[in-house]
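So you can see what is in the structure, the chains are spelled out below.
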There are 6 protein chains.
Amino acid sequence: MSDPGMTEMTGLTHLNAAGEALMVDVSAKDPSHREAKAQAVLNTQPEVLALLSNGGLPKGDALAVARVAGIMAAKKTSELIPLCHPLPLSKAQIDFELGDDAIRILALVRTLGVTGVEMEALTAASVAALTLYDMIKAVDKRAVIGEIKLLAKSGGKSGNFEAEA
Amino acid sequence: MSDPGMTEMTGLTHLNAAGEALMVDVSAKDPSHREAKAQAVLNTQPEVLALLSNGGLPKGDALAVARVAGIMAAKKTSELIPLCHPLPLSKAQIDFELGDDAIRILALVRTLGVTGVEMEALTAASVAALTLYDMIKAVDKRAVIGEIKLLAKSGGKSGNFEAEA
Amino acid sequence: MSDPGMTEMTGLTHLNAAGEALMVDVSAKDPSHREAKAQAVLNTQPEVLALLSNGGLPKGDALAVARVAGIMAAKKTSELIPLCHPLPLSKAQIDFELGDDAIRILALVRTLGVTGVEMEALTAASVAALTLYDMIKAVDKRAVIGEIKLLAKSGGKSGNFEAEA
Amino acid sequence: MSDPGMTEMTGLTHLNAAGEALMVDVSAKDPSHREAKAQAVLNTQPEVLALLSNGGLPKGDALAVARVAGIMAAKKTSELIPLCHPLPLSKAQIDFELGDDAIRILALVRTLGVTGVEMEALTAASVAALTLYDMIKAVDKRAVIGEIKLLAKSGGKSGNFEAEA
Amino acid sequence: MSDPGMTEMTGLTHLNAAGEALMVDVSAKDPSHREAKAQAVLNTQPEVLALLSNGGLPKGDALAVARVAGIMAAKKTSELIPLCHPLPLSKAQIDFELGDDAIRILALVRTLGVTGVEMEALTAASVAALTLYDMIKAVDKRAVIGEIKLLAKSGGKSGNFEAEA
Amino acid sequence: MSDPGMTEMTGLTHLNAAGEALMVDVSAKDPSHREAKAQAVLNTQPEVLALLSNGGLPKGDALAVARVAGIMAAKKTSELIPLCHPLPLSKAQIDFELGDDAIRILALVRTLGVTGVEMEALTAASVAALTLYDMIKAVDKRAVIGEIKLLAKSGGKSGNFEAEA
């Protein structure tokens, strides 16, 4: 198969041959340094974005609240995603890029562990975006969160991955 | 202002005049029946969707795992979203609509409470989508979660809301 | 059907007609005072029980630790049991009855709520029993927890229930 | 002492000489591969078991919900059992064996850690059983959960253990 | 007894006559509006305080992080304090007063519930203070948190309380 | 700078150059044995202390409940303190020293990890003190918690620390 993102088509790793869910065995894997970057984008209106920031600078606590929510969510990932292994996170960071009518949330997570931190990065970005939505929903219920995706990962035997720009 | 989704442009309800975050006072509000519907969409590839279901029917536990994750996340919303009030949920339901290269997650949440359940429905849909991503990520790291949005809400003094189709 | 414990044989209340799990709608139910009593029994050996108590009196913190664990577990029930509604518990109590080679854990839980507290009482008794097992497992790995059952419930429209002795 | 399950009769490992509870020091222990198997049994009626499955095959989400609940509970063990050490679980699996009037829940847990995973396996089996009870309680309040016990453990300096059949 | 803060000297409300802990029965109490204010004080050095703020204005995210931590801790109180009843918080707010070598954390919590929110306010103030300590501990390990106390409470049948200035 | 407790005055380790909070990168650090001791003091009245203990001996479950609360809080530290790394605790212990009108809570925590356990020890002592306050608040709302501070730490590259007596 030519698509490097599609490594095995025979089945889902989290289900056994009978289709039953399990938290798969990773006890034979050695810990290695792993990193994942993910994003989410909150699409709203220019006037609403202006409430969150002012000339690119934070205005009040809004962005800090979302940043904290994202970092804390990264640590809660294995409680939220049923088949995720708990991992000792060694770094979690949330950054924001403000556009005209959208704000992009970037999450970076690292571990020295036996599984990757893709889900931690995706969960952090998603919860940060939901937290921003919560703060603006009284002024824009139509805001939409989208483009939640993995940007890059490194470490582990499945090798590195980078999404095309 | 003509856009019914933009009710006040003067500030964010979760920040005080100094820009400081707080969990706002809802003690003067009477409990009422409230409902919210939200969605998330997981975009992947037809071969991957075929791993999750077969002719529209679940294949193994995959959809059930995501359904449970979404319902449990609805109950965790006030732990994840810092300024959300805790609410006694009276219903939580997750449905899936399978398309050719996407699966749409629909979350419905009800409460008899003093604040709306928009965040609970959005969080449930998002976590169910992330759980599906977790199960397919070994075969499609390029899957993207998008179109997370509120579909409808009812109850509460701010009135009903329905997103245009 | 003559068995008062078997009220409907047509299906499970937590699954819809398609067999899909949901947290069922209780928004039409009025809050009422509800109570449930449940038990668990830890079967071990007389010498081990003597480590937990002395002439019926607690010896050290062991019983207190299990009591606290049971009470805290009652409050965590809706986090553990996926389709349970969160409830505002108004009382939780754990009692112990020491026999020759067994200790019986009794849990009593009350709420003013829209669903019963059977699961809270059963969860409290179970976790208290597991906590006792944890403390004695170095001296008796063969201890067995059994007879976890509902003893009585009252309140709610399904009426009262009492297990035969 | 002849009983291999009774290794020390002088006291409980989780209490100090004054009878005070503590989370004991395991910092001198080296991580090793550890595994534990435990079970719980839900005793109900044939008609009720038929609601959970059909000819040995899953019917709807019921078993999947209990499986997910058990796996997530394994990850929550150190939050529930006060003196348990947190452990990085490397595998968690729940299986069901359907009998005529009972369903046996088998939990298997692995870690590469400094303490055993007996409590994780027992907690997973117990919570999966409680989750099944929750789904059938409207049709059989008299169902009883029993025979919660450790089946086997391996790894760690206390050596292997296997319950007799 | 002349001290209005000492209302009953006969025993502790959370222990029964045998000295056993329980979550006491509040099912006969009617919900009422309740409020509590509490404080904690972090004592450090002027140079360290200057890192947290600048001329009374926040400098970076430090105070926002502590504010969010305090609000989220208020919602977690019944998980942390074993015998506390879960309560539906209707407001939670954290304020800071910066002195020369100390920062005072003020927590205000409201509920419409059957028990008071003293513990929620005290827990919020304490966790906000601990969060500030966490951020400054690399520069001042000698910082001390003190004067954690209830400032005022209102609502409930035990009447109002206000600490002398 | 001569004060050994003030190691760097240039900034806060948990904020980047732009003042934004993050969970800092510890992935380059090697795990080492670390220990921290912290205290909190609950100041109340002699008659109230007599309710908690009798002649220095525990009276009922009160001290055991606080001990358990402190140990469980140590394990929850990274959930409460937003920028704390999760750590695998290898020991947690709470001791009490009863004075005439105060009770001193001592917390000792160990890990084999990449960051120190100061926050775990401080959180454990604080939550144990809050739990004692909860039990006595009906008889002494004026009780004050103070002197929460780090007593000693060892392990890690920043070296040992001991507070002067």
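Residues numbered from 1 in each chain as written. Chains lettered and ligands numbered in written order. Predicted model: local features only at pLDDT ≥ 70, side-chain atom pairs only at ≥ 80, totals over all residues. Heavy atoms only, no water.

Time to look at the interface of chain F and chain E. Interfaces are often described in size by the accessible area the parts lose on coming together. Contacts between chain F and chain E engage 65 residues on the former and 65 residues on the latter. Around 5500 Å² of area is buried between chain F and chain E when both sides are counted, 66% of it from carbon and sulfur atoms. When the buried surface of chain F facing chain E is broken down by residue, Leu12(F), Lys141(F) and Arg142(F) rank first, second and third, together holding 13% of it. The tally of links between chain F and chain E comes to two salt bridges. Taking the shortest distance from any N to any O, the salt bridge between Lys76(F) and Glu79(E) comes out at 3.0 Å. Our count for the chain F to chain E interface comes out at twelve residue pairs in polar contact (both at pLDDT 80 or more). Those elements giving two or more residues to the side of chain F that touches chain E turn out to be helix H1 (46–52), helix H2 (62–80), helix H3 (118–136), strand E6 (144–154) and strand E7 (161–162) of chain F. With twelve residues, the single largest contributor to the side of chain F that touches chain E is H3(F). (Contact = heavy atoms within 4.5 Å. Buried area = accessible area lost by both parts, 1.4 Å probe. Salt bridge = Lys/Arg side-chain N within 4 Å of Asp/Glu carboxyl O. Polar contact = N/O pair within 3.5 Å; in protein donor to acceptor, adjacent residues only side chain to side chain. Helix = DSSP H or I, 4+ residues; strand = E, 2+ residues; numbered from the N terminus.)

Take the environment of Lys157(E) next. All names here are of chain E. Secondary-structure assignment places Lys157 in the loop between strand E6 (144–154) and strand E7 (161–162). Here Lys157 falls in the exposed class, since its relative accessible area comes to 83%. A C-alpha to C-alpha distance of 44 Å links Lys157 and Leu51, two positions 106 residues apart in sequence. (Buried < 20%, exposed > 50% of the residue type's maximum accessible area, 1.4 Å probe, protein only.)

Residues and elements named next belong to chain A. Summing up the model confidence of chain A, the mean pLDDT is 89 and the portion of residues at 70 or higher is 90%. Segment residues 1–10 is flagged for pLDDT under 50; beyond a separation of four residues in sequence, or across chains, it makes 23 contacts in the model. Predicted as a complex, the structure gets a pTM of 0.94 and an ipTM equal to 0.94. (pLDDT = per-residue confidence, 0-100.)

The nonpolar side chains of a soluble globular protein tend to be buried, and buried together. Membership of the largest hydrophobic core comes to 330 residues, with the highest contact counts inside it found for Leu132(A), Leu132(B), Leu132(C), Leu132(D), Leu132(E) and Leu132(F). When neighbours within four sequence positions are excluded, Leu132(D) is seen to be in contact with Leu42(D), Leu52(D), Ala62(D), Leu63(D), Ala66(D), Phe96(D), Ile103(D) and Ile105(D). (Core = buried A, V, L, I, M, F, W, Y, C linked by side-chain atoms within 4.5 Å.)

Before going further, it helps to spend a moment on the pairing of strand E4 (residues 89–98) of chain B. All names here are of chain B. Burial analysis of E4 places seven of its ten residues in the buried class, which makes it a mostly covered element. Of the pairings in the sheet, the one linking E4 to strand E5 (residues 102–113) comprises nine bridges and is antiparallel in character. Each bridged residue has a counterpart across the sheet, and for Glu97 the counterpart in E5 is Arg104. Taken together, E4 and the strand that follows it, E5, pair antiparallel across an intervening segment of three residues. (Pairing = 2+ DSSP bridges.)

Here the focus is empty space enclosed by the protein. The tally for this structure, following the rule as stated, stands at two cavities of 30 Å³ or more. In terms of lining, the largest cavity is formed by Met72(A), Lys76(A), Glu79(B), Ala69(E), Met72(E), Ala73(E), Lys76(E), Glu79(F) and Leu80(F). Elements represented by at least two residues in the lining of the largest cavity include exactly helix H2 (62–80) of chain A, helix H2 (62–80) of chain E together with H2 of chain F. With four residues, the top contributor of residues to the lining of the largest cavity is H2(E). For the lining of the largest cavity, the per-class residue count stands at five nonpolar, no polar and four charged. Around the second largest cavity, the lining residues are Thr123(E), Ser126(E), Val127(E), Leu130(E), Ser126(F), Val127(F) and Leu130(F). For the lining of the second largest cavity, the elements supplying multiple residues, two or more each, are helix H3 (118–136) of chain E together with H3 of chain F. With four residues, H3(E) is the largest single contributor of residues to the lining of the second largest cavity. Per-class residue counts for the lining of the second largest cavity are four nonpolar, three polar and no charged. (1 Å grid on protein atoms, 1.4 Å probe; cavity = no way out; pocket = protein on both sides within 12 Å on 5 of 7 lines; lining within 4 Å. Points joined across faces, edges and corners; volume = space filled by probe spheres on them. Nonpolar A, V, L, I, M, F, W, Y, C, P; charged D, E, K, R; others polar.)

When chain F is brought onto chain E, the operation consists of a screw motion whose angular component is 180° and whose axial shift is 0.0 Å, with 0.0 Å RMSD remaining. Overall, the copies show the geometry of a two-fold rotation axis. Of the C-alpha atoms belonging to chain F, the one lying closest to the rotation axis is found on Gly146(F), 1.9 Å away. Looking at the interface residues of chain F, 100% of them are also at the interface in chain E, so both copies use one shared face. (Least-squares fit on C-alpha atoms with pLDDT ≥ 70 in both.)

For helix H3 (residues 118–136) of chain D, with 19 residues, the first-to-last C-alpha span of 27 Å sits near the 27 Å given by 1.5 Å per residue. For H3(D), the buried fraction is high: 19 of the 19 residues fall into the buried class. (Expected span 1.5 Å × (residues − 1).)

Across the interface, helix H3 (residues 118–136) of chain A lies against helix H3 (residues 118–136) of chain B with an axial gap of 11 Å and an inter-helix angle of 165°. One finds that H3(A) runs roughly antiparallel with respect to H3(B). Seen from above, H3(A) lies across H3(B) with right-handed handedness. Across from Met119(A), Leu122(A), Thr123(A), Ser126(A), Leu130(A), Tyr133(A) and Asp134(A) in H3(A), the residues of H3(B) making contact are Met119(B), Leu122(B), Thr123(B), Ser126(B), Leu130(B), Tyr133(B) and Asp134(B). Split by residue class, the contact of H3(A) with H3(B) holds eight nonpolar, four polar and two charged. (Axes fitted to C-alpha atoms, helices over the stretch in contact; angles between N-to-C directions. Parallel < 35°, antiparallel > 145°, perpendicular 65-115°, else oblique. Left-handed = near helix turned anticlockwise from the far one by under 90°.)

Below, the discussion takes up unusual backbone geometry. Even without glycine at this site, Glu147(B) takes up a positive phi of about 50°. Locating Glu147(B) in the fold gives a position in strand E6 (residues 144–154).

Attention now moves to the relation of the copies chain A and chain B. With an RMSD of 0.0 Å, the operation that places chain A on chain B is a rotation of 180° combined with a shift of 0.0 Å along the axis. In this assembly, 100% of the residues forming the interface of chain A have copies in chain B that are likewise at the interface, indicating an isologous arrangement.

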